[in-house]
Amino acid sequence: VQLQASGGGLVQAGGSLLLSCAASGFTFDDYTIGWFRQAPEKEREFVAAIMWRGGDTYYGDSVKGRFTISRDDAKNMVFLQMNNLKPDDTAVYYCAAENWVTAQAMGALKDMDYWGKGTQVTVSS
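Residues numbered from 1 in each chain as written. Predicted model: local features only at pLDDT ≥ 70, side-chain atom pairs only at ≥ 80, totals over all residues. Heavy atoms only, no water.

**What about the packing of aromatic side chains?**
- The final tally for this structure, using the stated rule, is 8 aromatic pairs.
- Their ring planes at 70 degrees and their centres at 4.8 Å tell us that F26 and Y31 sit as a pair that is edge-to-face.
- Taken together through their ring pairs, the aromatic side chains of F26, F28, Y31 and Y114 make up a single cluster.
- Directly above the aromatic system of F36 lies the positively charged group of R44, at a separation of 5.8 Å from the ring centroid.
- When the ring centre of F28 is taken as origin, the NZ or CZ atom of R71, which lies over that ring, is 4.5 Å away. (Phe/Tyr/Trp six-rings, centres within 6.5 Å; stacked < 30°, edge-to-face > 60°. Lys NZ or Arg CZ within 6 Å of the ring centre and 35° of its normal.)

**Some remarks on the pairing of strand β4 (residues 31–38)**
- By the criterion of burial, β4 is predominantly enclosed, with 7 of the 8 residues buried.
- Pairing analysis gives 8 bridges linking β4 to strand β9 (residues 91–99), with the strands arranged antiparallel. Looking at β9, one finds that W35 is bridged to C95.
- As defined by bridge partners, β4 adjoins strand β5 (residues 45–50) across 5 bridges and the pair is classed as antiparallel. Within the sheet, the bridge partner assigned to W35 lies in β5 and is A48.
- With antiparallel pairing between neighbouring strands as the criterion, β4 and β5 make up a hairpin whose turn holds 6 residues, including E41 at a positive phi of roughly 65 degrees. (Buried < 20%, exposed > 50% of the residue type's maximum accessible area, 1.4 Å probe, protein only. Helix = DSSP H or I, 4+ residues; strand = E, 2+ residues; numbered from the N terminus. Pairing = 2+ DSSP bridges.)

Structural data, given as structure tokens:
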């Protein structure tokens, strides 16, 4: 099983980034996929999730209206379009997979079936 996040980088405040999460080794379209982030000395924070087969989505309050999650089940990939980035968005971003949960429920979970390695996002002011 592998989840690999990519697309992070350094961007100025107000800019945009597109993160990708590539999955392999499990039945991708049976899983809800989520994005989480963790900044130095802060707890892990839920960002967004999307249910299997392009179903319901759910966002953390701090990113609503700025971030959009989507998935391409044919390619086993999930994307996070991040617009109007702020310095507070600086963190390592991780994707995760959980079987048979709603997108909203995933936001409340601590443990996931699968975690990927993260990608660093740095937003300068």
